[in-house]
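Architecture and fold: a report
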Amino acid sequence: RHALAVQGASRVEVDRLLKESLRHLILHEVGHTLGLSHNFRASHLHLPGSIHDKKLTSKVGLSGSVMDYPAINLAAPGEKQGQYYETRPGPYDKWAIEYGYSSALENSVAEENRLQSIRARSTQPELAFANDADDMRSVGKGIDPRAMIFDLTGDPITWAEGRARLARKVMGKLLENYNDKNKSYHQLRDQYFLLTRQQDWTARIASRFIGGVYNNRSTVGQPGAPQPLQPVKLADQRRAMQHLAKYLFAPDAFVLSPELLAHLQKQRRGFNHYDENEDIKIHSYILGIQRGVLDHLLHANVLQRI
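None of the values given here were measured: they were computed from a predicted structure.

Basis of the calculations
Residues numbered from 1 in each chain as written. Predicted model: local features only at pLDDT ≥ 70, side-chain atom pairs only at ≥ 80, totals over all residues. Heavy atoms only, no water. Salt bridge = Lys/Arg side-chain N within 4 Å of Asp/Glu carboxyl O. Buried < 20%, exposed > 50% of the residue type's maximum accessible area, 1.4 Å probe, protein only. Helix = DSSP H or I, 4+ residues; strand = E, 2+ residues; numbered from the N terminus.

This part covers the pattern of salt bridges. Using the criterion set out here, one finds 15 salt bridges in the structure. Between Arg-137 and Asp-135 there is a salt bridge; the shortest N-O distance is 2.9 Å. On the basis of relative accessibility, which here comes to 28%, the residue Arg-137 falls in the partly exposed class. For Asp-135, a relative accessible area of 3% puts it in the buried group. Two residues, Arg-239 and Asp-236, come together in a salt bridge whose shortest N-O distance is 3.1 Å. Highlighted residues: Arg-239 and Asp-236, both in helix H9 (residues 234–247), separated by three residues, approximately one helical turn. Via salt bridges that share partners, Asp-132, Asp-135, Arg-137 and Lys-141 belong to a single interconnected network.

Moving on: unusual backbone geometry. Residues other than glycine predominantly adopt negative phi, and peptide bonds predominantly adopt the trans conformation. Backbone geometry at Thr-153 places phi at a positive 75 degrees, although glycine is not the residue there. In this structure, Thr-153 sits in the loop between helix H5 (108–119) and helix H6 (156–172). Of note, the phi angle at Lys-281 is positive, near 50 degrees, even though the residue is not glycine. Among the structural elements, Lys-281 can be located in the loop between helix H10 (258–261) and helix H11 (282–297). Judged by its relative accessible area of 35%, Lys-281 falls in the partly exposed class.

By themselves, these figures tell us nothing about what the structure is for.
See the structure below:
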């Protein structure tokens, strides 16, 4: 909502974002009631250049499944906005429901052949799957960077750069756009840290490609099956490292305008700040973000793969 406000979005557009997010949430939870697991590969369905093509996403879906934890699909400044969230079951959802709920054939041999023909489609890109056991959100866990939460598109490194640039652009306009009179500055503070966490997460997403290995779920003799284990290409690992150098460790990686920092004040009510003073501790906060990525890159599991 903060990014939309800074870009001058109408109330109608903000309402569309909220409605799409609620619809996605409902679809996700209904999927669980039907027995579907999380699918953290589903957000890779489209490349960055087509993620805002409504004609495409409304036809085949914004994501491969409603069971992912996707990032909000926000357009960069000057780019036409597409869907914000998946609002319909994706190709993976329909495929999994077909396997689990379609009518069985009476003949056992024919039924096994029918189920095998459904399973054989698992190598199709739109049916890619990875669950909670695979995801790399935790330091040192997992090996496949495509199994990550809050990412988007089939090229997460390129997407992460665009999201980091958007976060920095929005942060640069926070103070001038925060003009509701008689309000405290607490919401401005929340907006700043929310956007900084966006930078944090884009760095975490990129970092998982360094020393990463694609882990493909295929069976022996399956047509179109890729090699089970494939190291991430060196060029992509270098792109990921360049992202960290520019958006995490560079001297100007974070928006630290003295004027903006001077307005990041907590709202004080009685003694609700008794145990912690109002100091924003910006250095400790950013150090924590950098440490979170370094903890992963320097983890023994990751260093062994590198």
